[in-house]
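Residue-level structural notes
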Amino acid sequence: MIQSEPRSAAFSLEHREFRDDEFWQEIPGWKDVSREDFGNYLWQAKNSVKKLKEVKEVLGERISDKLIADIEAGLRIAPMNIRITPYVFALIDWDNPIEDPLRKQFLPLASQMLPDHPYYLADSLYEDVDSPVPMLTHRYPDKVLFLPLTTCPVYCSYCTRSRIIGGSTDAVEKHTYGANAAKWETALQYIEETPQIEDVVISGGDAFNMTAKHIRHIGERLLGIDHIRRIRYATKGIAILPQKITTDESWMEAFLEMHRLGQSRGQQVVIHTHFSSPIEVTQWSKNAMDRLFAEGVIVRNQAVLQEGVNSDENVMMSLTKSLSYMNIQPYYVYIHDMVPGCEHLRTTLGQGVELEKQVRGITAGFNVPTFVCDAPGGGGKRHVASYEYYDTENGISIWRAPNVKPNELFVYFDPLCKLDAAANKRWSDSASRERMVFDAISKVDSELGASEREKISERLEKTYHVSK
Ligand code: SF4
């Protein structure tokens, strides 16, 4: 249908209104908590919800036994533990928790979860495969991903690193590690000895879980390397614990010192953060951003596209405009990675392509997020519409990554719940699904030789986890 009028959502001014009421006092356990206490990062950390019994304790009568049982069953199969700051917990609409976008991101319900895709992978992006030394992934020519710790102030159900983040669960045994400067030296030496590296993402894990001393240690070490031009501290913190920016003076001073040190040496020190829903944006986030902006700190956002969280075009437009208004650049929206426990949160690639089309044009181009698919197998981030071939019926897309792994093809799969019954029948048989993958690959490379076929077949059978 041709649209004759611009959409009202594009012209809405709602993104300029920042929630500033005492919303946490709606939670029975926090009804007497003052604004001053709620605004303190130490109070937030101390009162974070880390166990199911704490969910029950703070909510009292506001949560039903049925919902508690559903979460309990969800936690038995989910790869992530619970950890939620009071700030986010109180922003959940507890009158309608089933459909609430924040509840979906932090408290899994067994009744909503789906079996994993046959080709899911715990390390879908091959971060461990493309790791020359522990805690470091080197995939792009001039950029590395440094993982100095694997703990965070919250644990997200959609985490792409659920294989290592946030401690073991009933479903997944993990080796989670905290910040420990002595263990970082091998990674830092690799960066020092590899002159083509210019860009370091310090992620994990979350930079909010590093002490001021750790922030300085990593910053001074990296900024002391002449070929490093850009470092990014990654934290979801501004979205889920903005009080840290306004009240943890020791952490902020350490970060700002690194920012100024970088400026004096011509090196960029920025923050990458992680809002996925406009509901996470309040006056508390705006206050945090006002401080960072006044200090000249660039903040960029990386959102994950999730069904029922931000898959609606109006929600994505609202998120984009709210972030822009607070001076956060909406940098990326990722198509959900093919990791375990997330099938109910994944969208199709086609939904991502359509959303990108709907959001583009809403504001200045530099504030329109680039929608990307991080190609499973370590192809890196590719623009959603840059696939080589897309079989929408069977949910198979084929990708190339000329600057990353020029001789390989990468395959991304849509969630089976989005395909019709006939496609699901084809997917239920292992020989038939392999045939579908080869059919899609042959549309891109019709000359595929026997040895390449064997290699891909091996990868499908051995490297990808094939559900029995
Ligand atoms: S904050 Fe990031 S690293 Fe930590 S659990 Fe969430 S998605 Fe994973």
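Residues numbered from 1 in each chain as written. Predicted model: local features only at pLDDT ≥ 70, side-chain atom pairs only at ≥ 80, totals over all residues. Heavy atoms only, no water.

1. Side note on the site of the ligand
Taken together, Met80, Cys152, Val154, Tyr155, Cys156, Cys159, Ile165, Gly204, Gly205, Lys236 and His274 make up the full set of residues adjacent to the ligand. By residue class, the composition of the shell around the ligand is 7 nonpolar, 3 polar and 1 charged. (Near = heavy atom within 4 Å. Nonpolar A, V, L, I, M, F, W, Y, C, P; charged D, E, K, R; others polar.)

2. Observations concerning the confidence of the model for the chain
Any segment with low pLDDT has predicted coordinates that should not be analysed in fine detail. Looking at the chain, the pLDDT average stands at 94 and 96% of residues meet or exceed 70. A low-confidence stretch, residues 464-468 (pLDDT under 50), is modelled with 20 contacts involving residues beyond four sequence positions or located in other chains. (pLDDT = per-residue confidence, 0-100. Contact = heavy atoms within 4.5 Å.)

3. Looking at the packing of aromatic side chains
Inspection of every chain in the model, using the stated rule, returns 22 aromatic pairs. Arranged with centres 6.0 Å apart and planes meeting at 25 degrees, the rings of Phe18 and Tyr325 form a pair that is stacked. With Phe18 in the loop between helix H1 (8-11) and helix H2 (35-38) and Tyr325 in helix H14 (residues 313-325), this residue pair connects regions lying 307 residues apart in the sequence. By relative accessible area, Tyr325 is classed as partly exposed at 38%. With a centroid separation of 6.0 Å and 75 degrees between ring planes, the pair formed by Trp30 and Trp43 is classed as edge-to-face. In this pair, Trp30 sits in the loop between H1 and H2 while Trp43 sits in helix H3 (residues 41-46), placing the two residues 13 residues apart along the sequence. Like Trp30, the residue Trp43 is buried in the burial classification. (Phe/Tyr/Trp six-rings, centres within 6.5 Å; stacked < 30°, edge-to-face > 60°. Helix = DSSP H or I, 4+ residues; strand = E, 2+ residues; numbered from the N terminus. Buried < 20%, exposed > 50% of the residue type's maximum accessible area, 1.4 Å probe, protein only.)

4. Focus: the domain arrangement of the chain
Considered domain by domain, the chain is made up of domain 1 (20-97) and domain 2 (136-463). The C-alpha centroid of domain 2 is placed 27 Å from the C-alpha centroid of domain 1. With 22 residues of domain 1 at the interface, the matching set in domain 2 holds 34 residues. Summed over both partners, the interface of domain 1 with domain 2 buries about 2,200 Å², with 63% contributed by carbon and sulfur atoms. (Domains from an automatic or database assignment. Buried area = accessible area lost by both parts, 1.4 Å probe.)

5. Re the sheet that holds strand S8 (residues 370-375)
In space, the 9 strands of this open sheet follow the order S1-S2-S3-S4-S5-S6-S7-S8-S9, with mixed pairing throughout. Pairing within the sheet leaves two strands with one partner each, and these edge strands are strand S1 (136-138) and strand S9 (380-383). The sheet shows a mean angle of 30 degrees between the axes of neighbouring strands, taken without regard to direction. As defined by bridge partners, S1 adjoins strand S2 (residues 143-146) across 3 bridges and the pair is classed as antiparallel. By the bridge assignment, Thr137 is partnered in S2 with Leu145. Those strands touched by helix H12 (residues 249-265) are strand S4 (230-234) and strand S5 (268-273), and its axis lies near 135 degrees from that of S5. Packing against the sheet, helix H15 (residues 349-359) makes contact with strand S6 (299-305), strand S7 (328-335), S8 and S9, and its axis sits at approximately 160 degrees to S8. (Pairing = 2+ DSSP bridges. Axes fitted to C-alpha atoms, helices over the stretch in contact; angles between N-to-C directions.)

6. Focus: the environment of Lys425
Here Lys425 is to be found in helix H16 (residues 421-427). Given the relative accessible area of 65%, Lys425 is considered exposed. Residues Lys425 and His217 lie 208 residues apart in sequence; the distance between their C-alpha atoms is 54 Å.

7. A few points about the nonpolar core
The tendency in soluble globular proteins is for nonpolar side chains to be buried side by side. With 139 residues, the main nonpolar core has Trp30, Val55, Phe89, Val200, Phe255 and Leu292 as its most contacted residues. Both of domain 1 (20-97) and domain 2 (136-463) provide at least three residues apiece to this core. If we skip the residues at most four places from it in the chain, Phe255 touches Ile215, Tyr233, Val269, Val270, Ile271, Leu292 and Val297. (Core = buried A, V, L, I, M, F, W, Y, C linked by side-chain atoms within 4.5 Å.)

8. What to know about the sheet that holds strand S11 (residues 396-400)
Where strands meet in a sheet, backbone hydrogen bonds hold them as pairs that are either parallel or antiparallel. Judged by pairing direction, the sheet is antiparallel, and its 3 strands sit side by side in the order S10-S11-S12 without closing on themselves. Each edge of the open sheet is held by one strand with a lone partner, namely strand S10 (389-391) and strand S12 (409-413). Between one strand axis and the next, the sheet turns by 20 degrees as a mean value, whatever way the strands run. Two strands pair when backbone bridges link them, and S10 and S11 are joined in this way by 3 bridges, in the antiparallel orientation. By the bridge assignment for S11, Asp391 is matched with Ile396.

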